[in-house]
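Results of the structural survey
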Amino acid sequence: MKVGLFALGIGTGARPGAILKTAAEAERRGISTLWVGEHVVLFDRQDSKYPYAESGEFPLPGGADWLDPFITLTFAAAVTQTIRLATGICLVPEHNPVVLAKTVASLDRLSGGRFALGVGIGWSAEEFAALGIPFERRAQRTREYIEVMRRLWSDDAASFHGEFVNFDAAKSFPKPARGSKLPIIFGGESGPALKRTADVGNGWFGFNVGPDDAAPLADRLRAMLKANGRDASDVEIIVSPYTKKITPDDLKKYGAAGINELVIIASPPEDESQIAGWIERLARDWVEPAAKIR
């Protein structure tokens, strides 16, 4: 089982030095993936309920530093060679898919084909309103945008005519290293989120999934994949305990559930000189034990 790290782009992880040092040390110590989340704007107060807190309150204030994930990951790519880079997650329906296809392909090219697009449909109606994008039908918009991007990543001259996007003979270069097979990893724990993965995803990222929740969700996804005639081994299963405290024994439960990657959420130390030691401890506590789980 691999271990990923969600630490960059927010708060203490939004500083140039912290990004560079964390990325380099994470790669050196065997962390599998650097995950970076996305919010374009935040609010001190909003009516939308944050799905990963019992209170429904988003845990960060509106004035928190939150970098663009693609710029952050490109910055990290410049000082690494092998670690995977992924959005965790990108709010795809908030983007123009033609522009996003170019951004993704550019990052993938500059990183040597190391990028995976983690996708979510969004939960903040206020954020969609600020961007002038309808909150309704965002799930349908997301599916169409994924289809649009895969078309642009594969076809020499791409055409598309859908509900939200229309164009003819558009050429978008460079292509990602794997073309339309660039990994699309869907976030979300609901039935519709799992169905999106089973239908068109290359992976699933479950957030706030504890060790006892992992197996039922993973088994449900595998059943959906089988029903679709897909091989479950071709779809990566990734989870993060988020706010849940886990123990080394919990790693065995994740392993038994067939989890491919466990994502640890942590913030880099304020003192950047302590980042190497911080990554060293993460590797000792999680990366090394997880690597022994088959």
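Look a little higher up for the structure.
Let me begin by describing the structure that accompanies this report. (Residues numbered from 1 in each chain as written. Predicted model: local features only at pLDDT ≥ 70, side-chain atom pairs only at ≥ 80, totals over all residues. Heavy atoms only, no water.)

Description of the overall build of the chain
The following threshold applies: Numbering of helices and strands runs from the N terminus; a helix is a DSSP stretch of H or I covering at least four residues, while a strand is a stretch of E covering at least two. Radius of gyration: C-alpha atoms only; globule rule: 2.2 Å multiplied by the number of residues to the exponent 0.38. Exposure categories follow from relative accessible area, calculated using a 1.4 Å probe and restricted to protein chains: below 20% of the type maximum is buried, above 50% is exposed, and the middle band is partly exposed. Contacts between residues were defined by any pair of non-hydrogen atoms, one from each residue, lying within 4.5 Å.
The secondary structure content of the chain amounts to nine helices and eleven strands. Rg of the C-alpha trace for the chain: 19 Å, near the compact-globule value of 19 Å for 294 residues, within the 12% margin. If one aligns the C-alpha atoms of the chain with their principal axes, the spans along those axes are about 50 × 45 × 40 Å. A buried classification covers 53% of the 294 residues belonging to the chain. Considering only intrachain contacts with a sequence separation of at least 6, the fraction spanning at least 24 residues in the chain is 71%.

A short note on the pairing of strand E11 (residues 261–265)
Spelled out, the test is: Between any two strands, at least two bridges found by DSSP are needed for them to pair. When the strands point away from the viewer and the connection leading from the first strand across the helix to the second strand turns clockwise, the crossover is called right-handed.
Within E11, four of the five residues are buried, which leaves it mostly tucked inside the rest of the structure. Pairing between strand E10 (residues 236–240) and E11: two bridges, direction parallel. Counted as the bridge partner of isoleucine 238 is glutamate 261 from E11. Viewed along the sheet, the connection from E10 through helix H8 (residues 248–256) into E11 turns out right-handed.

Side note on the environment of arginine 151
As a reminder, the rule being used: Two N or O atoms count as a polar contact when they lie within 3.5 Å, although within protein this holds only if one can serve as hydrogen donor and the other as acceptor, and sequence-adjacent residues are included solely when both atoms are side-chain atoms.
As for its placement among the helices and strands, arginine 151 is situated in helix H5 (residues 138–154). Since its relative accessible area comes to 26%, arginine 151 is described here as partly exposed. Counting along the chain gives 21 residues from arginine 151 to serine 172, while the straight-line C-alpha distance between them is 9.8 Å. Every residue in contact with arginine 151, bar those within four places of it in the chain, is listed here: Ala158, Ser159 and Phe160. Polar side-chain contacts of arginine 151 include one of 2.6 Å to the backbone oxygen of serine 159.

Quick notes on the nonpolar core
Put simply, the rule reads: Nonpolar cores are built from buried Ala, Val, Leu, Ile, Met, Phe, Trp, Tyr and Cys residues. Side-chain atoms within 4.5 Å join them into one set.
Core analysis: the biggest nonpolar cluster contains 69 residues, and Phe115, Leu117 and Trp153 have the highest contact counts within it. The biggest single contributor to this core is helix H9 (residues 275–291), with eight residues. The residues contacting phenylalanine 115, other than those within four sequence positions of it, are Phe70, Leu73, Leu85, Ala86, Thr87, Val104, Leu107, Asp108, Arg178, Leu182 and Pro183. Among the nonpolar cores identified, the runner-up in size contains 17 residues, and Phe6, Ala86, Ile185 and Ile238 belong to it.

Focus on the environment of arginine 230
Along the polypeptide, arginine 230 turns up in the loop between helix H7 (211–227) and E10. For arginine 230, a relative accessible area of 25% puts it in the partly exposed group. Apart from residues no more than four positions distant in its own chain, arginine 230 is found in contact with Thr197, Ala198, Asp199, Val200, Gly201, Leu225 and Val235.

A look at unusual backbone geometry
Cis peptide bonds are those with omega within 30 degrees of zero, and the linkage from glycine 88 to isoleucine 89 qualifies with 5 degrees. Cis geometry is adopted by the peptide bond preceding proline 174, which originates at phenylalanine 173 and carries an omega value of 5 degrees. As for its placement among the helices and strands, proline 174 is situated in the loop between strand E7 (166–170) and strand E8 (184–187).

Concerning a nonpolar patch on the surface
To keep things clear, this is the line we draw: Residues qualify for a patch when their relative accessible area is over 30% and they have no salt bridge, like charges being joined within 9 Å and the nonpolar side chains of Val, Leu, Ile, Met, Phe, Trp and Tyr within 5 Å. Here, Shrake-Rupley sampling with a 1.4 Å probe gives the accessible areas, and only protein chains in the shown set may cover a residue. Salt bridge criterion: a side-chain nitrogen from Lys or Arg within 4 Å of a carboxyl oxygen from Asp or Glu.
On the surface, Val40, Val41 and Leu131 cluster together into a nonpolar patch covering about 200 Å² of accessible area. As for its placement among the helices and strands, valine 40 is situated in the loop between strand E2 (33–36) and helix H2 (69–77). Relative accessible area serves as the criterion here: at 47%, valine 40 is assigned to the partly exposed category.

None of this, on its own, says anything about what the molecule does.
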